[in-house]
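Below are the chains, spelled out letter by letter.
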Amino acid sequence: CPVRWRRAVLIVRDARSVFCSYYNFQAKLGNFDGTFREFIRDEEASGYGYNYVGWLKSWLEASNSTSVHVLKYEDLKSDAAAALEPVL
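Residues numbered from 1 in each chain as written. Predicted model: local features only at pLDDT ≥ 70, side-chain atom pairs only at ≥ 80, totals over all residues. Heavy atoms only, no water.

Q: Describe in detail the pattern of salt bridges, supporting the description with residues and values.
A: Within this structure, the stated rule accounts for one salt bridge. The partner of D14 in a salt bridge is R16, with the nearest N and O atoms 2.6 Å apart. (Salt bridge = Lys/Arg side-chain N within 4 Å of Asp/Glu carboxyl O.)

Q: Give a description of helix 1 (residues 15–29) that names residues and reports values.
A: With 15 residues, helix 1 ought to run about 21 Å at 1.5 Å a step, and its terminal C-alpha atoms sit 21 Å apart, in line with that. Trailing helix 1 by a residue or two, G30 shows a phi angle of about 85°, which is positive. (Helix = DSSP H or I, 4+ residues; strand = E, 2+ residues; numbered from the N terminus. Expected span 1.5 Å × (residues − 1).)

Q: Explain the environment of S78 to me, and be specific about the residues and the numbers.
A: Mapped onto the secondary structure, S78 falls in helix 5 (residues 73–78). Reaching out from S78, the side chain makes a polar contact with the backbone oxygen of D75 at a distance of 3.3 Å. (Polar contact = N/O pair within 3.5 Å; in protein donor to acceptor, adjacent residues only side chain to side chain.)

Q: Provide a residue-level description of the side chain of Q26, including the pertinent values.
A: Position of Q26 among the secondary structure elements: in helix 1. Judged by its relative accessible area of 3%, Q26 falls in the buried class. A distance of 2.5 Å separates a polar atom in the side chain of Q26 from a polar atom in the side chain of N31. (Buried < 20%, exposed > 50% of the residue type's maximum accessible area, 1.4 Å probe, protein only.)

What follows is the structure, encoded as C-alpha cells:
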C-alpha cells in the first residue's frame, strides 16, 4: 500500500476461495496440469510468486498511517449497496 494514500478501500475474499480461484487460473494458463489436491500440496505450484497473506498483511500494516476501509467480497456479492454504503 503506497504511503501517499490517505484513504483506501481494500476488498478481501475468503482465502479458501482465493486459493481455489488461483488454482483454476493457473490451470487455464497451463502452468499446472495436476489435480487441486496436488496443487495445494505442491509449494512451488501453489506459489507462483503470489503471497496472499503477505499482501493482506501489507495493507493491514498500512492502516496505521492510512485510513483503510475493509470490504468483504462475499458481502459485496450478496448486497453490494449495503456493503458500499459506509464507503460512499
